[in-house]
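Structural overview
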Amino acid sequence: VAGYDLTFSPVKSVSTLWAVAPVEVAAQIELAHHEAVGDALAFLEKHALYSREGARGVRQVDVTGLVATAFTHRDSRAGDPDLHTHVAVANKVQTLSGKWLAIDGRILFKAKVTASETYNTALEKHLRTRLGLTFAPRPGTEPGKRPIREVIGVDPALNQRWSTRRAAIQARRGELATTFQSDHGRPPSVVEAIQLAQQATLETRDAKHEPRTLTEQRNTWREQAEQVLGGPAGVAAMVTTALSPGRSAPLSTVDAAWVQDTAHRVRDEIAARRSTWQVWHVRGEAHRQVRAANLPAAQVEAVVDLVTEHTLTLASVRLTSSGDGIEEPPELRREDGSSVYEIAGSAVYTSQEILAAEQRLVHTAGLTDRH
């Protein structure tokens, strides 16, 4: 491919508050968004950006960094406030030896969810530091889905009013699922449901509207917000509540016991959904757990690192062998000391409980004294 599109979008309540808050507050929200995008890109450059050299690209090598440009959009195709940034990444990186080669897309693809969670955590951190905003899980989350954290004080009714695009997709997806059930006599599988969702997204996609200035957009959004919240006083009260959320939850104390407990929660959450995992799954879940812990902003990244390492080394069982017994010279090692012949983040892990369950199944399969 010629390049990659990385899209970073905050939860709806952030865009909602940004759309109706005073200009100086909206500017702080936008700056926090840009800082969070920068943190996510820094994560990718540090952990997930490589190129490949040698026959069939057998050597995975370090590079100097991304070549990219960012475009920040203010609204959705439906015209609702939707602050988000597209980062167009060129598929060319420079190796430390000076060669210009393609990105190793395997790693970039695997790290995309982790990059998204890095952005989400960083955004909460920067908004808490800049404006004192606090977040809490959105009520009414669908069963089986992870809770989404929204800004406390932002009216859910206004979030819903400005989710026109999502509502249209959901309605069309329901229609497609009903038709599928009628045609096949069964509900769609998980993979088929994803395909139906993609089809619904494309079929409900509006043409892009005429461009509007930020002033025009803010005036329109203000009118719509006043209709939902009962006039200017309702909008002002919501903004005041969001910026003055009252007494926040006490900061968590990070010690060895807290890290150990959190690491086991991370492992258990992942194990409930999959039988094996890699560092990308663990780091993404570590971000979700740390976000909910209300830690001091300066500690967040270090604690995510600690929880990730603890989950992999002490709470999980490594299935991938550690090396092949051959000691590579420094010339065949990356900057972190790993071999260029080892794919970054490829080690596979599981848990003792899953291994024990497999053993029970194998043992039971060998019984011959009953059906």
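Quick summary incoming for the structure in this document. (Residues numbered from 1 in each chain as written. Predicted model: local features only at pLDDT ≥ 70, side-chain atom pairs only at ≥ 80, totals over all residues. Heavy atoms only, no water.)

1. Some thoughts on the sheet that holds strand E5 (residues 81–90)
Where we set the bar: Any two strands with at least two DSSP bridges between them are considered paired. Starting at the N terminus, helices and strands are each numbered in turn, a helix being any DSSP run of H or I of at least four residues and a strand any DSSP run of E of at least two. Inter-axis angles, ranging from 0 to 180 degrees, are taken between N-to-C directions of lines fitted to C-alpha atoms, where helices are fitted over the stretch in contact.
With antiparallel pairing, the three strands of this open sheet are ordered in space as E1-E5-E4. Every other strand in the sheet has two partners, leaving strand E1 (3–8) and strand E4 (68–75) as the edge strands with one partner each. Shown here is a sheet whose adjacent strand axes are inclined to one another by a mean of 20°, direction ignored. Both E4 and E5 contribute to a ladder of seven bridges, which runs antiparallel.

2. So, the environment of valine 20
As a reminder, the rule being used: Two residues qualify as a contact provided that any one of their heavy atoms is within 4.5 Å of a heavy atom in the partner residue.
By secondary structure assignment, the location of valine 20 is in helix H1 (residues 12–20). On a C-alpha basis, the gap between valine 20 and glutamine 224 in space is 9.9 Å, while along the polypeptide they are 204 residues apart. For valine 20, the contacting residues outside a window of four places in its chain are Trp162, Arg218, Trp221, Arg222, Ala225, Val235, Met238 and Val239.

3. A closer look at the environment of isoleucine 169
Along the chain, the position of isoleucine 169 falls in helix H6 (residues 164–184). Between the C-alpha atom of isoleucine 169 and that of histidine 310, which follows or precedes it by 141 residues, the distance is 40 Å. Once you skip the residues sitting within four places of it in the chain, isoleucine 169 turns out to touch Ala200, Thr201 and Thr204.

4. Notes on helix H11 (residues 279–291)
Quick reminder of the rule: Expected helix span is computed as 1.5 Å times (number of residues minus one). Using a 1.4 Å probe on the protein chains alone, a residue whose accessible area is under 20% of its type maximum counts as buried, one over 50% counts as exposed, and one in between counts as partly exposed.
Helix length check: H11, at 13 residues, gives a terminal C-alpha distance of 18 Å against a target of 18 Å (1.5 Å per residue), a fit within 8%. Most of H11 is tucked away: ten of the 13 residues are buried. Of the positions making up H11, those classed as buried are Trp280, Val282, Arg283, Gly284, Glu285, Ala286, His287, Gln289, Val290 and Arg291. In this fold, the buried residues of H11 make contact with helix H2 (23–47), helix H3 (105–110), helix H4 (112–131), strand E9 (149–151), helix H10 (256–271) and helix H12 (300–313).

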